Amino acid sequence: MRADTANGLIGANAYLQETRVPMKVYKEARAEGDTAKMERAMGYVEKLGSAAIDHKKQADKGLKEEAKQARAEAEENREELAQRIKERRTETQERIEEARNPEEAENTAAENNSESKPVSESTVNLTYTKDGEVREQSGEAEFTAVV
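**Remarks on the overall build of the protein**
Right, on to step 1. In terms of regular secondary structure, the protein is built from five helices and two strands.
Right, on to step 2. Tracing the protein from N to C terminus, the helices and strands come up as α-α-α-α-α-β-β.
Right, on to step 3. Counting all 147 residues of the protein, 12% fall into the buried class.
Right, on to step 4. Summarising the internal contacts of the protein: among those between residues at least 6 apart in sequence, 53% fall at separations of at least 24.
Right, on to step 5. Total accessible area on the protein stands at roughly 12900 Å², and carbon and sulfur atoms take up 50% of it.

Rendered as structure tokens:
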């Protein structure tokens, strides 16, 4: 809550509570028939009431500014969210394209990476043993299961 909003709300409430005393005096003066006292009491009520209205206007102005600021923040958040969604959608579409065309994805990756070296067929069929030795893999896959 902004300071001017809080000040307006507190001030309006305080001035409205202060009007109770002159209103009580006005009612007593009316019962007694003292018109001069009634006029003075109503003068105080009018002053306090106008001050309460001024504070209410200040609070309303502050609330409008708060609402305007909240709308602006909400719009910024929506724009950020839309941007993130677009980025994620683009990433997902790229992954889908890579999955559909793995050869094209490898070609584009190789083109994008200028430091990459061409892969020779001799390095493609290499496997490593448990001892860390490199040996050439035959065309067929070997499966072993230890139970």
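**Details of the packing of helix α1 (residues 3-18) against helix α3 (residues 35-100)**
Right, on to step 1. Interaxial distance between α1 and α3 falls to 7 Å at its minimum, and their mutual angle equals 155°. Viewed along their axes, α1 and α3 adopt a mutual orientation that is roughly antiparallel. The element α1 and its partner α3 pack so that their crossing is left-handed. Residues Asp4, Thr5, Asn7, Gly8, Leu9, Gly11, Ala12, Tyr15, Leu16 and Glu18 of α1 touch α3, and the partners they reach there are Leu48, Ala51, Ala52, His55, Lys56, Gln58, Ala59, Gly62, Leu63, Glu65 and Glu66.

**Comments concerning a nonpolar patch on the surface**
Right, on to step 1. Taken together, the side chains of Leu126, Tyr128 and Val134 define a hydrophobic patch exposed on the protein surface, amounting to about 310 Å² of accessible area.
Right, on to step 2. Structurally, Tyr128 can be placed in strand β1 (residues 126-128).
Right, on to step 3. For Tyr128, a relative accessible area of 62% corresponds to the exposed category.

**Quick look at α1**
Right, on to step 1. The terminal C-alpha atoms of α1, which comprises 16 residues, lie 22 Å apart, in line with the 22 Å expected from a rise of 1.5 Å per residue.
Right, on to step 2. The complete set of buried residues in α1 reads Thr5, Gly8, Gly11 and Ala12. Along the long axis of α1, the arc covered by the buried residues comes to 140°, so they all point the same way. Residues of α1 that are exposed and point over 90 degrees away from its buried face: Ala3 and Ile10.
Right, on to step 3. Contacts made by the buried residues of α1 are with α3.

**Some points on α3**
Right, on to step 1. Under the 1.5 Å per step criterion, the end-to-end length of α3 is 95 Å for 66 residues, consistent within 8% with the ideal 98 Å.
Right, on to step 2. Within α3, burial applies to Met38, Ala41, Val45, Leu48, Ala51, Ala52, His55, Ala59 and Gly62.
Right, on to step 3. On its buried side, α3 packs onto α1 and α2 (20-32).
Right, on to step 4. Taking the backbone nitrogen of Ala36 as reference, a side-chain oxygen 3.5 Å away marks Asp34 as the first, capping residue of α3.

**Things to note about the side chain of Thr5**
Right, on to step 1. For Thr5, the position within the fold is in helix α1.
Right, on to step 2. A distance of 2.9 Å separates polar atoms of two side chains, one belonging to Thr5 and the other to Glu66.
Right, on to step 3. Those residues within four positions of Thr5 in sequence are excluded, and the remaining contacts are Ala59, Gly62, Leu63 and Glu66.

**Looking at the environment of Glu18**
Right, on to step 1. On the secondary structure map, Glu18 appears in helix α1.
Right, on to step 2. A sequence separation of 30 residues divides Glu18 from Leu48, and the C-alpha atoms of the two residues are 7.2 Å apart.

The rules we used
- Residues numbered from 1 in each chain as written.
- Predicted model: local features only at pLDDT ≥ 70, side-chain atom pairs only at ≥ 80, totals over all residues.
- Heavy atoms only, no water.
- Helix = DSSP H or I, 4+ residues; strand = E, 2+ residues; numbered from the N terminus.
- Buried < 20%, exposed > 50% of the residue type's maximum accessible area, 1.4 Å probe, protein only.
- Contact = heavy atoms within 4.5 Å.
- Areas by Shrake-Rupley, 256 points an atom, 1.4 Å probe, with all protein chains shown as cover.
- Axes fitted to C-alpha atoms, helices over the stretch in contact; angles between N-to-C directions.
- Parallel < 35°, antiparallel > 145°, perpendicular 65-115°, else oblique.
- Left-handed = near helix turned anticlockwise from the far one by under 90°.
- Patch = residues over 30% accessible without salt bridge, like charges linked within 9 Å, V, L, I, M, F, W, Y side chains within 5 Å.
- Salt bridge = Lys/Arg side-chain N within 4 Å of Asp/Glu carboxyl O.
- Expected span 1.5 Å × (residues − 1).
- Arc of directions from axis to C-beta.
- Polar contact = N/O pair within 3.5 Å; in protein donor to acceptor, adjacent residues only side chain to side chain.

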